[in-house]
Amino acid sequence: MLLGPEHDSVENDALGTERHSKGIRAQIKARFRGWIDQRIPPAREVTLDQRRIFIFPSRVGFFFGGCLLVMLLAAINFENNLSYALTFWLATLFIVAILHTYANLSGLTIRALRAEPAFPGQQSEFHLMIKRSKRRDHFALHLKWPNSSETLVNLVDEDSVIVQLHMAVGSRGWFSPGRLLLESTYPLGLLRCWTLIDLELYALVYPRPLASTDLPGLATNTPDGAAVFVDGSDDFYGFRGYRKGDSPRQVHWKGLAKQQGLLTKQYTAYADRSVWLDWDMFAGLGTEQRLSHLCYWLLEFDRRGQEYGLRLPTGVIEPALSEKHRDRVLKELALYGKEQRSR
């Protein structure tokens, strides 16, 4: 029974060994990622050839090889010609299976099409096209990303097929599913042929909608047809004191000549149902909370059929109401402060 310092020493040694083991595994994974990135660089479209295809015996294949070894030893021990013939015939079958398993993936072209936008935690749908280059049939092709759904594809009657894979997305911004695994054990299951390809396919992840009871600073009580101040309108409304930055065209020069002071002309337009979603409405909150509140309210105004615009420190989107406008505003919120990349 270990007590006191000796027991602590044993625990520390165990923890140190475990951390060292994890560090080695992490180094191996990092080196493998670097090697695979050089061998199969990211691309929107990849055609499989000898450089991009890997092949190795499956579990069944290893068992088959062990059985062949036992049969060979038995044939040598008993000097039985039929045993020799059966062993070498099965070994030849294994070699022929290598060629057929490799040919089942060789020549395939995998193309990234698009990825559906989603909110954090939801399933995004990734669309891919698999195409054959020659009049060769391809069977039992398994495709999947880590933690995604899996699909089985056979290319027999058609030259290409479009497949969809579903995967839960992460946080706001561009989401990369990682390297796609395409594998097959056709025709005998003795060998596993696979590839890992990065299709540069990204799903756009919107901010997570966060409900709030009201929208601070939103003037929603102005009825339709009421006059509001808008620079550049043709309808004169009155005068106000001059402010720095006012256009010289709006300065009341005649009044200044009459010693009435420096005044600025005001003009009116007519209010409609459009509203503005402004970054400064949620002052004091963090970036993600602001984006989540703005996301909730744009979805709410879109549901109500009310025009809305967006003001962010990075730009302005004028008020409108359409599915295209909604997607544009959502994309602007999703990529705020993120890398702008094409899909």
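Residues numbered from 1 in each chain as written. Predicted model: local features only at pLDDT ≥ 70, side-chain atom pairs only at ≥ 80, totals over all residues. Heavy atoms only, no water.

### Structural notes on the layout of surface pockets
And then number 1: Computed from the structure, the second largest pocket encloses a volume of approximately 200 Å³.
And then number 2: Among the elements that make up the lining of the second largest pocket, the one with the highest residue count is helix H1 (residues 4–39) (five residues).
And then number 3: Across the lining of the second largest pocket, the residue classes break down as seven nonpolar, no polar and four charged. (1 Å grid on protein atoms, 1.4 Å probe; cavity = no way out; pocket = protein on both sides within 12 Å on 5 of 7 lines; lining within 4 Å. Points joined across faces, edges and corners; volume = space filled by probe spheres on them. Helix = DSSP H or I, 4+ residues; strand = E, 2+ residues; numbered from the N terminus. Nonpolar A, V, L, I, M, F, W, Y, C, P; charged D, E, K, R; others polar.)

### Some remarks on unusual backbone geometry
And then number 1: In this structure, Pro187 follows Tyr186 across a cis peptide bond, with omega equal to 5°.
And then number 2: As for its placement among the helices and strands, Pro187 is situated in the loop between strand E9 (180–184) and strand E10 (191–197).
And then number 3: Even without being a glycine, Ala140 presents a positive backbone phi close to 50°.
And then number 4: Looking at where Ala140 falls in the secondary structure, it is placed in strand E5 (residues 138–144).
And then number 5: For Glu200, which is not a glycine, the phi torsion comes out positive at approximately 50°.
And then number 6: For Glu200, a relative accessible area of 31% translates into the label partly exposed. (Buried < 20%, exposed > 50% of the residue type's maximum accessible area, 1.4 Å probe, protein only.)

### Re the environment of Asp278
And then number 1: Among the secondary structure elements, Asp278 is positioned in strand E15 (residues 275–278).
And then number 2: By relative accessible area, Asp278 is classed as buried at 18%.
And then number 3: When the C-alpha atoms of Asp278 and Leu310 are compared, they prove to be 6.0 Å apart, with 32 residues separating the residues in sequence.
And then number 4: Residues contacting Asp278, with those up to four places away along its chain left out, are Leu294 and Arg311.
And then number 5: A distance of 2.9 Å separates a polar side-chain atom of Asp278 from the backbone nitrogen of Asp280. (Contact = heavy atoms within 4.5 Å. Polar contact = N/O pair within 3.5 Å; in protein donor to acceptor, adjacent residues only side chain to side chain.)

### Focus: a nonpolar patch on the surface
And then number 1: Taken together, the side chains of Leu86, Trp89, Leu93 and Leu188 make up a nonpolar region of the molecular surface, amounting to roughly 400 Å² of accessible area.
And then number 2: Classification of Leu188 by relative accessible area gives partly exposed; the value is 46%. (Patch = residues over 30% accessible without salt bridge, like charges linked within 9 Å, V, L, I, M, F, W, Y side chains within 5 Å. Areas by Shrake-Rupley, 256 points an atom, 1.4 Å probe, with all protein chains shown as cover. Salt bridge = Lys/Arg side-chain N within 4 Å of Asp/Glu carboxyl O.)

### Things to note about the sheet that holds strand E4 (residues 123–132)
And then number 1: Strand order across the open sheet formed by four strands is E1-E3-E4-E7, with antiparallel pairing between neighbours. Where the open sheet ends on each side, the last strands, each with one partner, are strand E1 (45–47) and strand E7 (160–168). This sheet shows a mean twist of 20° between the axes of neighbouring strands, independent of strand direction.
And then number 2: Here strand E3 (residues 108–115) pairs with E4 via seven bridges, running antiparallel. Bridging from a neighbouring strand, Ala115 pairs with Phe126 of E4. (Pairing = 2+ DSSP bridges. Axes fitted to C-alpha atoms, helices over the stretch in contact; angles between N-to-C directions.)

### Looking at the nonpolar core
And then number 1: With 36 residues, the main nonpolar core has Leu48, Ile110 and Leu180 as its most contacted residues.
And then number 2: Excluding its chain neighbours within four sequence positions, the residues that come into contact with Leu180 are Ile110, Leu128, Leu143, Lys144, Trp145, Leu165, Thr195, Leu196, Ile197 and Leu199.
And then number 3: In this structure, Phe119, Trp279, Phe301 and Tyr336 belong to the second largest nonpolar core, which totals 27 residues. (Core = buried A, V, L, I, M, F, W, Y, C linked by side-chain atoms within 4.5 Å.)

### Observations regarding the confidence of the model for the chain
And then number 1: Per-residue pLDDT for the chain averages 84, and the proportion of residues at 70 or more is 83%.
And then number 2: Predicted confidence is poor over residues 219–232, with pLDDT under 50, and the contacts of this stretch with residues over four places away or in other chains come to 25 contacts. (pLDDT = per-residue confidence, 0-100.)

### Regarding the packing of helix H5 (residues 287–304) against helix H6 (residues 323–334)
And then number 1: As a packed pair, H5 and H6 sit with axes 10 Å apart at the nearest point and diverge in direction by 175°. Between H5 and H6, the interaxial angle falls into the category roughly antiparallel. Between H5 and H6, the residues in contact are Leu291, Leu294, Cys295, Leu298, Leu299 and Asp302 and Arg326, Val329, Leu330 and Leu333, respectively.
And then number 2: Looking at side-chain class alone, the contact of H5 with H6 contains eight nonpolar, no polar and two charged residues. (Parallel < 35°, antiparallel > 145°, perpendicular 65-115°, else oblique.)

### Re the packing of aromatic side chains
And then number 1: The final tally for this structure, using the stated rule, is 12 aromatic pairs.
And then number 2: For the ring pair Phe32 and Trp35, a centre distance of 6.1 Å and an interplane angle of 35° mean the geometry is tilted. With Phe32 and Trp35 both in helix H1 and three residues apart, the pair spans about one turn of that helix.
And then number 3: You can call Phe32 partly exposed: its relative accessible area is 40%.
And then number 4: For Trp35, a relative accessible area of 40% puts it in the partly exposed group.
And then number 5: Between the aromatic rings of Trp279 and Tyr336, the centroid separation amounts to 4.7 Å while the plane-to-plane angle is 35°, which identifies the pairing as tilted. Of this pair, Trp279 sits in the loop between E15 and H5 while Tyr336 sits in the segment after H6, and the two are 57 residues apart along the sequence. (Phe/Tyr/Trp six-rings, centres within 6.5 Å; stacked < 30°, edge-to-face > 60°.)

### Side note on the pattern of salt bridges
And then number 1: Counted according to the given criterion, the structure contains 14 salt bridges.
And then number 2: A salt bridge links Asp37 to Arg179; the shortest N-O distance between them is 2.7 Å. Of the two residues, Asp37 is situated in helix H1 and Arg179 in the loop between strand E8 (173–175) and E9; the sequence distance between them amounts to 142 residues.
And then number 3: Overall, the relative accessible area of 38% leaves Asp37 in the partly exposed class.

### Points about helix H2 (residues 59–78)
And then number 1: Over its 20 residues, H2 runs 29 Å from end to end, which matches the ideal 28 Å to within 8%, given 1.5 Å per residue.
And then number 2: Burial in H2 covers these residues: Gly61, Phe64, Leu68 and Ala75. Buried residues of H2, viewed axially, fall in a sector of 55°; they line one side. Of the residues in H2, the exposed ones pointing more than 90 degrees away from the buried face are Arg59, Phe62, Phe63, Leu69, Val70, Leu73 and Asn77.
And then number 3: Of the surrounding elements, those touching the buried residues of H2 are strand E2 (54–57) and helix H3 (81–103). (Expected span 1.5 Å × (residues − 1). Arc of directions from axis to C-beta.)

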